[in-house]
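# Understanding the architecture of this molecule
What follows is each chain in one-letter form.
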Amino acid sequence: MNAILDIIVPVFGMVMVGWLIGRSKLLTPEGLRGFTAVTFYVLFPALLFRSMAKVRLETLEPQVLLAFFSGVAVLYGVLMAIGRMQGLRLGDRAMFALSGSFSNGVGIGIPFISYGFGEQGLVPLLMIISVHSLILLTFTCFLMEMDGAGGRRGNVLKRLGGAALSMLKHPVIPAIFAGLLWGEITAHTSLATPAVIDRILQAFAAAAPPCGLIMVGASLAHVGLKGHWQSAAVASFFKLAMLPVLVWTIGRYVFPLDPLWLNVATLNAALPAGANVYLIAQMYGTGVARATNAVVISTAASVFTLSAALLLLGVQAR
């Protein structure tokens, strides 16, 4: 119960504050875009760089990637099969599968895990985040291209290469690897981050979690619910209930993980669908309503499912 009060209430309390701000006149759509840019291009990179700079490569557990993405692959395949039984075309099936398997690891995941486990918990989370979008979004884009979404067949390999490159340029990913590299440099040389620079980074890092949560809430206020809510609810059920069970089972019995890493991987799997789901849908003009509703429904429902996950895993806030 302490975990719910110490983690769930602050996290989703700030999301609610963001939603109220988004519904008011304080934050216009143009203002939200600016706020989102500052959060993603300044605040989160500072947090990720400082966190990963303290990590030594030999302490990383690559098995966490095998455990997490094995669960994702199984669920993605199941949802593709369900979509086929429903008579959906390939592009719609891909968006349905993405809606039920892509976690909001940055906007909600980073604050949620940092409140629950501190900087130690961010290490396995950031390992997953570093390849999360590259794997899931690139594969989904591949399926969308194969379906010829929007009539744009063109040069598939060229388009996929451009999509993968744009994901690698996402500000979160370079910050993770830059932090790891700087950590290795400082560990083997006399170099160190200047104290003044580190204080600035620390201030930005402290602002990242609350700003990220407010940004999520404000974004939901501007998105709203659309049609096809039934299939979105099905995708949300698989995302919030089935994926964490799959990841926990694989991380416990197939690729045995350290308890901390297992908890973080499981909770990351239990997070709601990320905004990239409806951004990809909008880019291809396929399954937009379903993807949008999956983000909204899963975010609202995750208040309860994440609470249950914390209790079942026995997590106590730091």
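Above: the structure in question.
The structure displayed is predicted, hence computed values, not measured ones.

### A few points about the packing of aromatic side chains
Applying the stated rule across the entire model yields six aromatic pairs. With 5.7 Å between their ring centres and 80 degrees between their planes, F237 and F238 make a pair best called edge-to-face. Residue F238 is classed as buried on the basis of its relative accessible area of 16%. An angle of 80 degrees between the planes, with centres 5.9 Å apart, marks the rings of W248 and Y253 as edge-to-face. Residue classification places Y253 among the exposed residues on the basis of a relative accessible area of 57%.

### Here's the deal with the side chain of K239
Along the chain, K239 falls in helix α10 (residues 229-254). Despite its burial, K239 remains without a salt bridge, the nearest opposite charge being carried by D92 at 20 Å. Those residues in contact with K239 that lie beyond four places of it in its chain are S99, G100, S101, F102, S103, P244, N268, A269, A270, L271, P272 and A273.

### Here's the deal with the packing of helix α2 (residues 29-53) against helix α5 (residues 105-117)
With their axes 12 Å apart at the nearest point, α2 and α5 run at an angle of 40 degrees to one another. Judged by the inter-axis angle, α2 sits oblique to α5. For the crossing formed where α2 meets α5, the hand is left-handed. Of the residues in α5, those in contact with F40, F44, L47 and L48 of α2 are V106, G107 and I110. Split by residue class, the contact of α2 with α5 holds six nonpolar, one polar and no charged.

### A closer look at a nonpolar patch on the surface
Nonpolar side chains collect at one region of the surface, where V38, Y41, V42, V196, I197, I200 and F204 lie side by side and expose about 620 Å² of accessible area between them. Those elements that provide at least two residues to the nonpolar patch are α2 and α9 (195-223). Ranked by residues supplied to the nonpolar patch, first place goes to α9 with four residues. Along the chain, the position of V42 falls in helix α2. Note on V42: relative accessible area 33%, which makes it partly exposed.

### Quick notes on the environment of A3
Inspection of the secondary structure assignment puts A3 in helix α1 (residues 2-23). Of the residues examined, A3 reaches a relative accessible area of 2% and is grouped as buried. Put simply, A3 and L306 are 303 residues apart on the chain and 10 Å apart in space, counted from C-alpha to C-alpha. Contacts of A3, omitting those with residues within four sequence positions, involve I8, L310, V315 and Q316.

Conventions adopted
Residues numbered from 1 in each chain as written. Predicted model: local features only at pLDDT ≥ 70, side-chain atom pairs only at ≥ 80, totals over all residues. Heavy atoms only, no water. Phe/Tyr/Trp six-rings, centres within 6.5 Å; stacked < 30°, edge-to-face > 60°. Buried < 20%, exposed > 50% of the residue type's maximum accessible area, 1.4 Å probe, protein only. Helix = DSSP H or I, 4+ residues; strand = E, 2+ residues; numbered from the N terminus. Lys, Arg positive; Asp, Glu negative; His and termini not counted. Salt bridge = Lys/Arg side-chain N within 4 Å of Asp/Glu carboxyl O. Contact = heavy atoms within 4.5 Å. Axes fitted to C-alpha atoms, helices over the stretch in contact; angles between N-to-C directions. Parallel < 35°, antiparallel > 145°, perpendicular 65-115°, else oblique. Left-handed = near helix turned anticlockwise from the far one by under 90°. Nonpolar A, V, L, I, M, F, W, Y, C, P; charged D, E, K, R; others polar. Patch = residues over 30% accessible without salt bridge, like charges linked within 9 Å, V, L, I, M, F, W, Y side chains within 5 Å. Areas by Shrake-Rupley, 256 points an atom, 1.4 Å probe, with all protein chains shown as cover.

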